[in-house]
Amino acid sequence: MSHHGRMTYSSPPFKFIVENKPFYVHRELVAHYSAPLERMMNGGMKETQEGFATLEDVDEGTFVRFLEFLYDGFYTPAEHKVVTGSRQSESTNSKLSNITSHPPSLLKALETTSRQPPSDRLANSQVGQKTLTIPKHRSTRTVVREAFLTSSMDTSVRNKVKKTGQPRPNQSEDEDYSEVFLSHARVWVFAKMYQIPLLKRLAIEELHAVLAVFNLHSQRCSDVVALLRYLYTEDPASCSEEDGKWSLIQHYMAAEMEILSRNKEFQGLILENGGPLLHDVMTVVARRLA
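If you're wondering where the values come from, they're calculated on a predicted model, not measured in any experiment. Sequence order as written defines the numbering, with residues in each chain counted from 1. Totals for whole chains, interfaces and linings use all residues, but because this is a predicted model, local features are given only for residues with pLDDT of at least 70 and pairs of side-chain atoms are given and counted only at 80 or more. To get the side-chain values, all heavy atoms of the structure are used, and hydrogens and water are removed first.

Even without a glycine there, the phi angle at Glu19 is positive, about 50 degrees. Residue placement: Glu19 occurs in the loop between strand 1 (13-18) and strand 2 (21-26). In this scheme, a residue with accessible area under 20% of its type's maximum is buried, one over 50% is exposed, and one in between is partly exposed, where area comes from a 1.4 Å probe on protein chains only. Classification of Glu19 by relative accessible area gives partly exposed; the value is 46%. Here Asn20, not a glycine, exhibits a phi torsion of approximately 70 degrees, which is positive. The residue Asn20 is located in the loop between strand 1 and strand 2 in this model. By relative accessible area, Asn20 is classed as exposed at 76%. Here a strand is any run of E in DSSP of at least two residues, a helix any run of H or I of at least four, and the numbering for each starts at the N terminus.

Dropping the structure here:
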């Protein structure tokens, strides 16, 4: 019997309550992966005495994915939705159309990067230990997106999970992938909060995999904006993590800046969020113009 098997069948269950629903999980299995949850169950805290813990900072879907990871080694993301027409309501469109306070210098920079031809640095960009040589006649978006697709981001955790498979690419502009992106991002934030490095790494790799196959139609910028709004609101520090390298999110914004920069909802989010997102956008702009 495997190590996980012994823990699973020899330890008593512990009850977690998430969104008013009880979930019973083998105590030692949880303790093996998460020190904060282990202290909650066994460290003499209120939860230890009561025999259950109520987690207010996680939604049911994310916790179920955590349990799936505990028992199976992987998790199943949310499915995409098929929508008809524009995802934005008339009120949202009206609100966005009335935005007039965009800093002119920022908008000018965004427009410039959309038209900017690939620089020598981008045309022969370093991707990990590899040099990606791309003919200079190709567009900036093609150059940077190919760098994103072929990045040397570690996929060791995902590659070990045979049942994960490759994510499904979107087929049309009517397919809403916002919940797909958000399911990975929420697992990422949960894993960071409860110190589960293996799950955090898997979530990053899964998010990279689906963003790499996502065809960004102008009508689907709202899916990406939903992801950015969540990450920069819930855990902005995570967007800057990657051992000193450009973060996953920065890489993706750089690859799709040509489309994102023209989107009013993306422009509005920059003003709405301010600091961290504005800093990262300007970092992308500076690198695109270098």
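There's more to say after this.
Take the pairing of strand 1 next. The sheet contact formed by strand 1 and strand 2 spans six bridges and is antiparallel. The partner of Lys15 across the bridge, within strand 2, is Tyr24. For two strands to be treated as a pair, DSSP must find at least two bridges joining them. Joining the antiparallel neighbours strand 1 and strand 2 is a turn of two residues, in which Glu19 adopts a positive phi near 50 degrees. Here strand 1 pairs with strand 3 (residues 52-54) via three bridges, running parallel. Counterpart to Phe16 in the pairing with strand 3 is Ala53.

A few words now on helix 3 (residues 35-42). Within the sequence span of helix 3, burial applies to Pro36, Leu37, Met40 and Met41. Projection of helix 3 onto a plane perpendicular to its axis shows the buried side chains occupying an angular sector of 135 degrees, all on one side. In this fold, the buried residues of helix 3 make contact with strand 1, helix 2 (27-33), helix 4 (46-50), strand 3, helix 5 (60-72) and helix 11 (178-193). Polar contact is defined as a pair of N or O atoms within 3.5 Å, subject to the rule that within protein one atom must be able to donate a hydrogen and the other to accept it, and that residues adjacent in sequence are counted only when both atoms are side-chain atoms. Backbone nitrogen of Leu37 and a side-chain oxygen of the N-cap are separated by 3.2 Å at the start of helix 3; the cap is Ser34. It is the directions from the helix axis to the C-beta atoms that the arc portrays. In what follows, a contact means two residues having at least one pair of non-hydrogen atoms within 4.5 Å.

A few words now on the sheet that holds strand 1. Strands sit in the order 2-1-3 across an open sheet of three strands; the sheet is mixed. On the outer flanks of this sheet lie strand 2 and strand 3, each paired with one strand and no other. Averaged over all pairs of adjacent strands, the angle between their axes in this sheet comes to 25 degrees, without regard to strand direction. Only the contacting stretch of a helix is used when fitting its axis, a line to C-alpha atoms as for every element, and angles between N-to-C directions run 0 to 180 degrees. Seen against the sheet, helix 5 touches strand 1 and strand 2 and runs at an angle of roughly 15 degrees to strand 2.

To continue, consider the packing of aromatic side chains. To pair, rings of Phe, Tyr and Trp, with the six-membered ring standing in for Trp, must have centres within 6.5 Å; the planes then decide the type, stacked if under 30 degrees apart, edge-to-face if over 60, and tilted in the middle. Applying the stated rule across the entire model yields eleven aromatic pairs. Measuring from centroid to centroid gives 5.3 Å for Tyr33 and Phe69, while their planes differ by 65 degrees, and the two rings are edge-to-face. In this pair, Tyr33 is assigned in helix 2 and Phe69 in helix 5, connecting sequence segments 36 residues apart. Residue class for Phe69 comes out buried when judged on its relative accessible area of 2%. Each ring, one from Phe181 and one from Phe214, has its centre 5.0 Å from the other, and the planes form 85 degrees; the classification is edge-to-face.

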